[in-house]
Amino acid sequence: MSALFGHTKGAFTGAVSERAGLLRSADKGMLFLDEIGELGLDEQAMILRAVEDKRFLSVGSDREVESDFQLIAGTNRDLVDAAAEGEFREDLFARLNLWTFNLPGLAERREDIEPNLEYELERYASAEDTRVTFNKEARARYLGFATSPLAVCNGNFRDLSASITRMATLSPDGRIDTPTVEAEIARLEKLWAFADGDSSEALLLEILGQEALAEIDPFDRAQLAQVIATCRRHSSLSAAGRDFFASSRLRRKSTYDADRLRKYLARFALSWDDVS
């Protein structure tokens with residue numbers, strides 16, 4: 001409240017001097033409020049009045065102040081849903097929603113990744129006073145992964161920045177080599193798989209590795225993940241087979257459950273020992 005609307009001297013403990021606040025400082029100019037969806041309902045009501053009437057009360061004051069500003073707001077929340085759930089004022093959203101621009105995430109603008117590799121390395125050099133570069137093969141491998149559908153980039157540029165920082169820090173002799181890139185790719189795949197709550201993808205990644213997993217169609221991934229999860233619940237190939245083929249066994253005179261399961265796993269170059 002104090003940061004937005006200012007306060008008077010002595011308005012609360014620690015208020016040793018008057019503070020203008022962001023809204024008052026933006027008079028005759030523009031105010032950008034990032035993550036406006038995180039504001040509480042009381043602050044939202046005061047923001048609404050300040051936008052509509054250009055007047056508001058500072059904390060601890062009984063006299064209104066004026067400020068004529070243009071407001072731009074940013075948020076990563078869906079304010080339509082937040083308003084429907086009573087977490088964001090509909091009248092404030094209506095005022096903010098005059099012009100709305102949706103900014104695509106990094107995963108939707110992968111052409112921005114390559115030029116930002118050098119930018120992130122320059123930032124690292126400035127912060128750590130150490131210049132690091134990519135080997136040609138390592139750079140091609142990292143870009144191939146980062147610009148593919150496998151790179152989810154949940155954290156947008158924060159993911160890219162953190163990834164480059166890790167590789168630069170761990171690079172031998174100031175050169176990011178292929179083993180460093182491969183280790184980083186494996187880390188990101190596991191991180192994104194668990195962040196998405198996709199335990200099946202994480203399970204397949206753990207057993208197969210990324211190169212083999214990339215060769216399997218999504219349709220087969222779903223089935224294989226279920227097979228592996230079931231195998232892990234049983235102590236033997238035969239027991240797992242009986243679980244899988246319980247219904248079809250009733251229609252056959254002889255049973256080859258273990259063999260059927262063994263042949264299925266062999267399609268993906270897997271054995272019982274690999275998955276159990």
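Analysis parameters
Residues numbered from 1 in each chain as written. Predicted model: local features only at pLDDT ≥ 70, side-chain atom pairs only at ≥ 80, totals over all residues. Heavy atoms only, no water. Helix = DSSP H or I, 4+ residues; strand = E, 2+ residues; numbered from the N terminus. Buried < 20%, exposed > 50% of the residue type's maximum accessible area, 1.4 Å probe, protein only. Axes fitted to C-alpha atoms, helices over the stretch in contact; angles between N-to-C directions. Parallel < 35°, antiparallel > 145°, perpendicular 65-115°, else oblique. Contact = heavy atoms within 4.5 Å. Arc of directions from axis to C-beta. Left-handed = near helix turned anticlockwise from the far one by under 90°. Polar contact = N/O pair within 3.5 Å; in protein donor to acceptor, adjacent residues only side chain to side chain. Phe/Tyr/Trp six-rings, centres within 6.5 Å; stacked < 30°, edge-to-face > 60°. Patch = residues over 30% accessible without salt bridge, like charges linked within 9 Å, V, L, I, M, F, W, Y side chains within 5 Å. Areas by Shrake-Rupley, 256 points an atom, 1.4 Å probe, with all protein chains shown as cover. Salt bridge = Lys/Arg side-chain N within 4 Å of Asp/Glu carboxyl O.

Caption draft 1: Highlighting unusual backbone geometry. Its identity as a non-glycine residue notwithstanding, Asp129 has a phi of 55°, on the positive side. Summarising the element assignment, Asp129 is placed in the loop between α6 (113-128) and β5 (133-134). Residue Asp129 is classed as exposed on the basis of its relative accessible area of 72%.

Caption draft 2: Up close: the packing of helix α13 (residues 237-244) against helix α15 (residues 257-266). Contact geometry of α13 with α15 gives a least axis separation of 7 Å together with a crossing angle of 95°. Between α13 and α15, the angle is such that the two are roughly perpendicular. For the pair α13 and α15, the contacting residues are Leu237, Ser238, Ala240, Gly241, Arg242 and Phe244 in the first and Asp257, Ala258, Leu261 and Arg262 in the second.

Caption draft 3: Expanded view of α15. Taken together, the buried positions of α15 are occupied by Asp257, Ala258, Leu261, Tyr264 and Leu265. Buried residues of α15, viewed axially, fall in a sector of 125°; they line one side.

Caption draft 4: Geometry of the packing of helix α12 (residues 218-231) against α13. The N-to-C vectors of α12 and α13 enclose an angle of 125°; their axes lie 9 Å apart at closest approach. In terms of axis orientation, α12 runs oblique to α13. In this structure, the crossing between α12 and α13 has a hand that is right-handed. Contacts between α12 and α13 involve Gln226, Val227, Thr230 and Cys231 on the former and, on the latter, Ala240, Asp243 and Phe244.

Caption draft 5: Geometry of the environment of His7. Turning to its location among the elements, His7 is positioned in the loop between α1 (2-5) and α2 (22-25). Note: C-alpha distance between His7 and Ser17 (10 residues apart in sequence) is 8.4 Å. Discounting residues that sit within four places of it in the chain, His7 has contacts with Ser2, Phe12, Ala15, Ser17, Glu18, Arg19, Ser58 and Val59. At 2.6 Å, the side chain of His7 forms a polar contact with the side chain of Ser2.

Caption draft 6: Local environment of the packing of aromatic side chains. Following the criterion strictly, the structure yields 3 aromatic pairs and no others. With centroids separated by 5.8 Å and ring planes inclined at 55°, the aromatic side chains of Phe5 and Phe56 adopt a geometry described as tilted. Here Phe5 is found in helix α1, whereas its partner Phe56 is found in strand β2 (residues 55-57), with 51 residues between them in sequence. We classify Phe5 as buried; its relative accessible area is 0%. Aromatic pair Tyr264 and Phe268: ring centres 5.4 Å apart, planes at 65°, arrangement edge-to-face. As far as the burial class goes, Tyr264 and Phe268 line up, both buried.

Caption draft 7: Region of the structure containing a nonpolar patch on the surface. On the surface, Leu98, Trp99, Phe101 and Leu103 cluster together into a nonpolar patch covering about 630 Å² of accessible area. Assignment of secondary structure puts Leu103 in the loop between α5 (90-96) and α6. On the accessibility criterion, Leu103 (77% relative accessible area) is exposed.

The values reported here are purely geometric and, on their own, carry no functional implication.
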